[in-house]
Amino acid sequence: MTQSISQEVLQSVRWAGESVDLLDQRLLPEETVYLRLTTPHDVWEAIRELKVRGAPAIGIAAAYGVVLGILGFEGNSKELAAEVRNHADYLATSRPTAVNLFWALDRMKAKAAVLAESEAPVSDAIGAMIAEALLIQSEDEETNRLIGEHALTLFEDGMGVLTHCNAGGLATAKYGTALAPFYLALERGISLKVFADETRPVLQGARLTAFELQRAGVDVTLICDNMAGHVMSKGWIQAVIVGTDRVAANGDVANKIGTYSVAVLAKAHGIPFYVACPLSTIDLSTPTGADIPIEERHPDEVTAGFGKRTAPEGIAVYNPAFDITPHEYVTAIITEKGIVKAPFSEGLKKLF
Ligand SMILES: CSC[C@H]1O[C@H](OP(=O)(O)O)[C@H](O)[C@@H]1O
């Protein structure tokens, strides 16, 4: 059951003791509404319907979704581990591309397995599972701050930086990945001019990145996706930085649809193209971008987004939510452990 409650802090997701408070990002920027989620299905639906979105935020929400499924569980810790696996496997069906969803769920299953081995009393085991989900969220906050520090070394005062989609605080526990350096730059008096692609069809750039950055006081200019090449040709962009939903072992990057086009334009203009992500988004078990499942979403996102029909009824629609940027177009991958440059296969392995 979900209900709306008011909240001051603009945090994408928060554990509330026996429920999850989740910011309904579909309603931003006009409305700030927190939903109170109480079941794993509530969380599954929130992820599927983009009430919560962004790879790390999805993983955090899913971890809490597992916890919601085991509150009050009666049995032993081995039976609890089986219950955790059931809820995790269900939540894993919500969206296919962001590896953080599976990374977080695997981490919760592994924790439950350790607790089962130790034959911990089930009430202690449930407490430990709650603590693990909270740790996933708190670690992500610190990770993003470190990503921001490393990314900021790549930017100079007065630079124009373009970003695509939303890889900010709303997509993570806090700060964001690609947007983290913008917040740090502001704190340190380094002036960056950010250009945010609106990012059709769901407009995460217009509705979320522009909202987040404007609210923080960052110099941000909103552009339509088809303007990226134009602003680059005018010399207004000295770097591009984006988030990602999954980095393959060879450095190929899955990210919001339109990212590949931006990467090709950046290369054509000799502009560095940076990808910011935590290690939890790097998937060494996926060899290349061709092996990353690309989510296809409902045609209405394209033809009737936000309630206004903008195409004829029944028109054929192709609506992939992500695309793959080959590693050849990536200048560097910025993580909490530092900046990785080509050859990515070697550099990424060394992070672990
Ligand atoms: C920091 S991960 C952000 C990443 O997730 C977004 O996808 P979605 O809004 O569909 O969850 C987009 O690809 C962002 O770059």
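Criteria and thresholds
Residues numbered from 1 in each chain as written. Predicted model: local features only at pLDDT ≥ 70, side-chain atom pairs only at ≥ 80, totals over all residues. Heavy atoms only, no water. pLDDT = per-residue confidence, 0-100. Helix = DSSP H or I, 4+ residues; strand = E, 2+ residues; numbered from the N terminus. Contact = heavy atoms within 4.5 Å. Domains from an automatic or database assignment. Buried area = accessible area lost by both parts, 1.4 Å probe. Salt bridge = Lys/Arg side-chain N within 4 Å of Asp/Glu carboxyl O. UniProt positions renumbered as here; feature names shortened; annotations may be inferred. Buried < 20%, exposed > 50% of the residue type's maximum accessible area, 1.4 Å probe, protein only.

**A closer look at the confidence of the model for the protein chain**
Reasoning step 1: Chain-level pLDDT for the protein chain is 96 on average; 97% of the residues reach the 70-or-more range.
Reasoning step 2: Per-residue pLDDT, averaged within each element of the protein chain, yields its smallest value for strand S1 (residues 3-5) (46) and its largest for strand S8 (residues 239-242) (99).
Reasoning step 3: For residues 1-9, every residue scores under 50 in pLDDT, and the model assigns this stretch 22 contacts once sequence neighbours within four places are set aside.
Reasoning step 4: ipTM for the predicted complex: 0.98, alongside a pTM of 0.96.

**As for the domain arrangement of the protein chain**
Reasoning step 1: By domain assignment, the protein chain separates into domain 1 (13-145) and domain 2 (154-350).
Reasoning step 2: For domain 1 and domain 2, the distance between their C-alpha centroids amounts to 25 Å.
Reasoning step 3: Each partner contributes to the interface: domain 1 provides 28 residues, whereas domain 2 provides 35 residues.
Reasoning step 4: Surface buried jointly by domain 1 and domain 2 totals about 2600 Å² across both partners, of which 57% is contributed by carbon and sulfur atoms.
Reasoning step 5: Between domain 1 and domain 2 we count two salt bridges in total.

**Quick word on the UniProt feature "site: Transition state stabilizer" (unreviewed entry) in the protein chain**
Reasoning step 1: Under the UniProt annotation, "site: Transition state stabilizer" (unreviewed entry) lies at Cys165.
Reasoning step 2: Position of Cys165 among the secondary structure elements: in the loop between strand S5 (160-163) and helix H6 (180-187).

**Examining unusual backbone geometry**
Reasoning step 1: Geometrically, the link from Leu28 to Pro29 is a cis peptide bond, its omega value of 10° lying close to zero.
Reasoning step 2: Relative to the assigned elements, Pro29 resides in the loop between strand S3 (20-23) and strand S4 (34-37).
Reasoning step 3: Residue Arg200 is joined to Pro201 through a cis peptide bond whose omega torsion reads 0°.
Reasoning step 4: Take Pro201: it is sitting in the loop between strand S6 (193-197) and helix H7 (204-216).
Reasoning step 5: The backbone phi angle of Leu50 is positive, close to 60°, even though this residue is not glycine.
Reasoning step 6: The buried category is assigned to Leu50, whose relative accessible area is 6%.
Reasoning step 7: Of note, Leu203 is a non-glycine position whose phi angle comes to about 60°, a positive value.
Reasoning step 8: Relative to the assigned elements, Leu203 resides in the loop between S6 and H7.
Reasoning step 9: Relative accessible area serves as the criterion here: at 17%, Leu203 is assigned to the buried category.

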